[in-house]
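Each chain, written out:
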Amino acid sequence: MKEILIVDDQSGIRLLLNEVFKKEGYNTHLAANGLDALKIAETVTLNCVLLDMKIPGMDGLEILARLKMMQPNLPVIMMTAYIEQHMIDSATELGVTKYFAKPFNIFEMRDEVGKILAVTEKI
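Residues numbered from 1 in each chain as written. Predicted model: local features only at pLDDT ≥ 70, side-chain atom pairs only at ≥ 80, totals over all residues. Heavy atoms only, no water.

Draft legend 1. Structural detail: the overall build of the chain. Secondary structure summary: the chain contains five helices and five strands in total. The C-alpha atoms of the chain give 13 Å as radius of gyration, which agrees with the globular expectation for 123 residues (14 Å, within 12%). Here the C-alpha coordinates of the chain stretch approximately 35 × 30 × 25 Å along the principal axes. The buried share of the chain, taken over its 123 residues, is 47%. The long-range fraction of contacts in the chain, counting pairs at least 24 apart against all pairs at least 6 apart in sequence, stands at 66%. (Helix = DSSP H or I, 4+ residues; strand = E, 2+ residues; numbered from the N terminus. Rg over C-alpha atoms; globule rule 2.2 N^0.38 Å. Buried < 20%, exposed > 50% of the residue type's maximum accessible area, 1.4 Å probe, protein only. Contact = heavy atoms within 4.5 Å.)

Here is the structure:
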């Protein structure tokens, strides 16, 4: 079963994504902050991460960098309500897979994760 980590400080977004991806048959893990996300990543072999860019405490870029140190080929999709070019450039350098601007279309997000996981399955 594919393991997906959902990291967002907004509980409504975490719960919505959790519901959608559980229905698709994925095993989901939820984190409200960077420390929780990294603890999960240390104990679970993840297949994909949905990561909010702006999280209080440890921001999305730092979480992304630490996740990539643990699993360099891990697909990470960033979600953000604030598109800032310098942050996007930094995330791209760190190896982010895709961006979604909030509010995003939940079906587009679901389909994109499915495509990414289908590709990584073949590697």
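Draft legend 2. Spotlight on the sheet that holds strand 1 (residues 3-7). Read across the open sheet, the five strands follow the order 2-1-3-4-5; overall the sheet is parallel. A single partner strand is all that each edge strand has here, and the edge strands are strand 2 (27-31) and strand 5 (98-101). Pairwise comparison of adjacent strand axes, ignoring direction, gives a mean angle of 20 degrees for this sheet. Looking at chain direction, strand 1 and strand 2 are connected through five bridges and run parallel. Its bridge partner lying in strand 2, Val7 is registered against Ala31. (Pairing = 2+ DSSP bridges. Axes fitted to C-alpha atoms, helices over the stretch in contact; angles between N-to-C directions.)

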